[in-house]
Amino acid sequence: MRQSLRTTAAAALVARASAANSTLATLCTVSSVQAALPANGTLNGIEIIPSSVTANAIYNGTLAAGMGSTVDSTTYDYCNITVSYSHTGKSDTIVLGYTFPGPDTFTNRFYVSGGGGYALSSTSTGGLAYGAASGVTDAGYDGDYDSNVLAGNGSLIYDNMHMFGYKALGEMTTVGKALTQAFYGVSSDAKIYTYYEGCSDGGREGWSQVQRWGEEYDGVIVGAPAFRYAQQQINHLTSNVIEKTLDYYPPPCEMDKIVNLTIAACDALDGRIDGVVSRTDLCKLNFNLNSTIGESYYCAASSSSSLGFAFGQRKRQADNSTTSTTTPAQNGTVTAEGVALAQQILEGLFSSDGKQAYLPWQYASSFEDASTTYDSTTDSYVLDIKSTGGEFATKFVQLIDVDNLSSLDNVTYDTLIEWMNTAMIRYSDTLQTTVPDLTTFQSNGGKIIHYHGENDDSVPTASSVHYYDSVRTIMNPELGYNESVEALNDWYRLFLVPGAAHCSTNTLQPGPYPQVNMATMINWVENGVEPTTLNATVASGTYAGETQNLCSWPLRPYWSGNSSMECQYDQASIDSWTYTFDAFKLPVY
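Reading guide: rules and limits
- Residues numbered from 1 in each chain as written.
- Predicted model: local features only at pLDDT ≥ 70, side-chain atom pairs only at ≥ 80, totals over all residues.
- Heavy atoms only, no water.
- UniProt positions renumbered as here; feature names shortened; annotations may be inferred.
- Helix = DSSP H or I, 4+ residues; strand = E, 2+ residues; numbered from the N terminus.
- Rg over C-alpha atoms; globule rule 2.2 N^0.38 Å.
- Buried < 20%, exposed > 50% of the residue type's maximum accessible area, 1.4 Å probe, protein only.
- Contact = heavy atoms within 4.5 Å.
- Areas by Shrake-Rupley, 256 points an atom, 1.4 Å probe, with all protein chains shown as cover.
- Phe/Tyr/Trp six-rings, centres within 6.5 Å; stacked < 30°, edge-to-face > 60°.
- Lys NZ or Arg CZ within 6 Å of the ring centre and 35° of its normal.
- Disulfide = S-S within 2.5 Å.
- Core = buried A, V, L, I, M, F, W, Y, C linked by side-chain atoms within 4.5 Å.
- Expected span 1.5 Å × (residues − 1).
- Pairing = 2+ DSSP bridges.
- Axes fitted to C-alpha atoms, helices over the stretch in contact; angles between N-to-C directions.
- Left-handed = near helix turned anticlockwise from the far one by under 90°.
- Nonpolar A, V, L, I, M, F, W, Y, C, P; charged D, E, K, R; others polar.
- pLDDT = per-residue confidence, 0-100.

- In the nomenclature of an unreviewed UniProt entry, the protein is known as Carboxylic ester hydrolase of Cadophora malorum.
- The UniProt entry for the protein carries the following text under Sequence similarities (unreviewed entry): "Belongs to the tannase family."

**Overview of the overall build of the protein**
Right, so step 1: Looking only at helices and strands, the protein has 17 helices and 25 strands in total.
Right, so step 2: Over its C-alpha atoms the protein spans a radius of gyration of 24 Å, differing by no more than 12% from the 25 Å that the globule rule assigns to 589 residues.
Right, so step 3: Judged by the C-alpha coordinates and their principal axes, the protein covers about 75 × 60 × 50 Å.
Right, so step 4: A total of 589 residues make up the protein; the buried ones form 57% of that total.
Right, so step 5: Put simply, 72% of the contacts in the protein that link residues at least 6 apart link residues at least 24 apart.
Right, so step 6: As displayed, the protein has an accessible area near 21,900 Å², and 49% of this comes from carbon and sulfur atoms.

**So, the packing of aromatic side chains**
Right, so step 1: Counted according to the given criterion, the structure contains 28 aromatic pairs.
Right, so step 2: Here the aromatic rings of F183 and Y184 are separated by 5.0 Å at their centres, their planes lie at 80 degrees, and the arrangement is edge-to-face. Like F183, the residue Y184 is buried in the burial classification.
Right, so step 3: An aromatic cluster of at least three residues, connected via ring pairs, comprises Y118, Y141, Y145, F164, Y229, F392, F396 and Y427.
Right, so step 4: The ring of Y166 is capped by R212, whose NZ or CZ atom sits 4.5 Å from the centre of that ring.

**So, the state of the cysteines**
Right, so step 1: Applying the stated criterion across every chain, the model contains five disulfides.
Right, so step 2: Here C266 connects covalently by a disulfide to C283, the sulfurs 2.1 Å from one another. Residues C266 and C283 share a disulfide whose torsion about the S-S bond is about 65 degrees; that sign makes it right-handed. Of this pair, C266 sits in helix α8 (residues 252-266) while C283 is found in helix α9 (residues 280-286), placing the two residues 17 residues apart along the sequence. For the residue pair C266 and C283, the accessibility class agrees, reading buried in each case.
Right, so step 3: Between the sulfur of C551 and that of C567 lies a disulfide, 2.2 Å long from S to S. As the torsion about the S-S bond is roughly -90 degrees, the C551-C567 disulfide counts as left-handed. Placement of C551 in strand β23 (residues 547-551) and of C567 in strand β25 (residues 564-568) is noted, with a sequence separation of 16 residues between them.
Right, so step 4: Accessibility expressed as a relative area gives 31% for C567, which makes it partly exposed.
Right, so step 5: Regarding the disulfides, the protein carries the connectivity 1-2, 3-8, 4-7, 5-6, 9-10 under sequence-order numbering of its bonded cysteines.

**As for the nonpolar core**
Right, so step 1: Formed by 125 residues in total, the largest nonpolar core has its most connected members in Y98 and F392.
Right, so step 2: Among the elements that make up this core, the one with the highest residue count is helix α4 (residues 158-184) (11 residues).
Right, so step 3: In this view, F392 contacts Y118, Y229, A230, Q233, I234, S387, V397, A423, Y427 and L431; residues no more than four positions away in its chain are not counted.

**A short note on helix α5 (residues 201-212)**
Right, so step 1: When the terminal C-alpha atoms of α5 are compared, their 16 Å separation across 12 residues agrees well with the 16 Å that a helix rising 1.5 Å per residue should span.
Right, so step 2: In terms of burial, α5 is largely enclosed, as 11 of its 12 residues are buried.
Right, so step 3: Within the span of α5, buried status applies to D201, G202, G203, R204, E205, G206, W207, S208, Q209, V210 and Q211.

**With respect to the pairing of strand β4 (residues 109-116)**
Right, so step 1: Within β4, seven of the eight residues are buried, which leaves it mostly tucked inside the rest of the structure.
Right, so step 2: Here β4 pairs with strand β6 (residues 132-137) via four bridges, running parallel. Along β6, the bridge assignment pairs F110 with A133.
Right, so step 3: Sheet topology places β4 next to strand β9 (residues 193-199); five bridges connect them, and they run parallel. Along β9, the bridge assignment pairs R109 with Y193.
Right, so step 4: In this structure, β4 lies alongside strand β5 (residues 119-121), joined through two bridges in antiparallel fashion. Pairing of G116 across the sheet is with A119, part of β5.
Right, so step 5: Joining the antiparallel neighbours β4 and β5 is a turn of two residues, in which G117 adopts a positive phi near 60 degrees.

**A few points about unusual backbone geometry**
Right, so step 1: Look at the link from W553 to P554: it is a cis peptide, with omega at 10 degrees.
Right, so step 2: By the secondary structure assignment, P554 is in the loop between β23 and β24 (556-560).
Right, so step 3: With a phi close to 80 degrees, A364 is a non-glycine residue in the positive phi region.
Right, so step 4: One can find A364 in the loop between β16 (356-358) and β17 (373-375).
Right, so step 5: For A364, a relative accessible area of 4% gives the class buried.
Right, so step 6: One non-glycine residue, T433, adopts positive backbone phi at about 55 degrees.
Right, so step 7: With respect to the secondary-structure elements, T433 resides in the loop between α12 (413-426) and α13 (439-443).

**Quick notes on the sheet that holds strand β22 (residues 533-538)**
Right, so step 1: With respect to topology, three strands assemble into an open sheet ordered β21-β22-β23, the strand pairing being antiparallel. Edge positions in the sheet fall to β21 (512-513) and β23, since each of these pairs with one other strand and no more.
Right, so step 2: Summarising the sheet, β22 and β23 pair through five bridges and their orientation is antiparallel. Looking at the pairing, N535 lines up with N549 of β23.

**Concerning helix α16 (residues 517-527)**
Right, so step 1: Taken across its 11 residues, α16 has eight buried, putting it largely inside the fold.
Right, so step 2: Listed as buried for α16 are N517, M518, A519, T520, M521, I522, W524 and V525.
Right, so step 3: Positive backbone phi, approximately 75 degrees, marks G528, located one or two places after α16.

**With respect to the packing of α8 against helix α10 (residues 336-345)**
Right, so step 1: Two elements in contact, α8 and α10, have axes separated by 10 Å at closest approach and are oriented at 65 degrees. Viewed along their axes, α8 and α10 form a crossing whose handedness is right-handed. Contacts from E254, M255 and I258 of α8 reach α10 at G338, V339, L341 and A342.
Right, so step 2: In the contact of α8 with α10, the residues fall into five nonpolar, one polar and one charged.

**Some points on the confidence of the model for the protein**
Right, so step 1: Confidence along the protein averages 92 in pLDDT terms, with 91% of residues attaining 70 or more.
Right, so step 2: Under a pLDDT of 50 for its full length, residues 1-18 has, in the predicted model, 37 contacts with residues more than four places off or in other chains.
Right, so step 3: This model gives residues 307-321 a pLDDT under 50, and the stretch forms 57 contacts once residues within four places in sequence are excluded.

Structure representation (structure tokens):
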């Protein structure tokens, strides 16, 4: 489908470009790129360095798997370009990398692919499948942001903070679009459709562009966005503090058993038995975790290693770190203590006076942040402080250049909330990325596809629902609920993916996952085909290969006879996704 879209668009659009009769070889030269650079003074605050340009033609290149897609066997001819710039009045240097398709396949599109973890960009070749030019940026610090946030203990590097927060991608896009237009000789009155696609922090990055550079983008696809950094990152410590408060450190197999029993019990609540809990809201409203007490569990001995910020089930170490563990066989029964731990995790973080601070994960999600480590010297399981949250607490809150907290002694629920509040204020204009007024983007005709795995165990799914509602009410203050949803659906749609984990399918549930989001977005932006549902494909299990239509929030899926799904309005279910963060005096969007 992507290839047919690229070919069809190329036939219609290439004729508009005066460079259509040029070849990649004639265009992909240093002098040609230098001639196409925007003149200094035309992009406010940006000083291009023409002498930094490199240009290299690639023929028959192949691409790795991209966002939600499999490996593309198509080969491409393209031009790799690098160019640097500095900010007016500063001595910094930012390196940009661009990939421009051959002039015969260029479709008047520019594509931006988000990164993940603390890495801002992923690849500059992601647009080739759509006939689009695309780019990446080193943001001026050439590395992951968590290694470049502090100048020293107690001292933030504010330029890096703003570049990672939103500026680097926005500047890369504005330079890239101007360069693209001149490189291909596109008429100044012709449209260069600009798209963004990313998941996890890549999803947050996408929202940063919608909120700060709304006039630059036509279509933005954001998955499981890790926005609201203050609450999101510190929340990774919530399960640990609950464990410490309850003084119970469960064998991982016990918590896995609770999850598997929850999936089995709630599978049929959506009207279909397929191993997928499509309605975690009904599970929350109907399933009693106490029913799992006394159930037996067994897990064989295992050895494993993990890298931070991976997608899927096992992923809770700091970026670029590797941890190896050996766990003996686990054999026992689910305890009342284990269920009490699970229940409190699924209620979310509350202050000592009963005020809610942040969101829980949905029922049937794995308890990854509660994973413990086996201590062979004591033959017991012990606390494993999650460095995703611990590093944020040390580097971003305490401003100490340490990769994790050494202990949670004297850390209470109120401590976590205090850290959240400190970071929320400190990073309100950079990492929070939750500005709900999207007037600039909407008024320029922009479209958003926002998706989130319903059993994401890293970024709570309700985080996306909460932001959607913030935008809905801020953008449509005079409208009632149904009318405001209808108004938002014209340009912004949220889809929850049944059973899916963080930016991926879920090893515990053989559910669907959206694979052709960009084709859907192009069809919406360029052809006006509104996605009332979102296509998703089941990769495994009984229904492998089946295409399912994901419901647009707030409608919820319900199956009849295992074969017919309809999107229903269920007020009780909607209410179960609604949270008020009264632990904070400032609004939390």
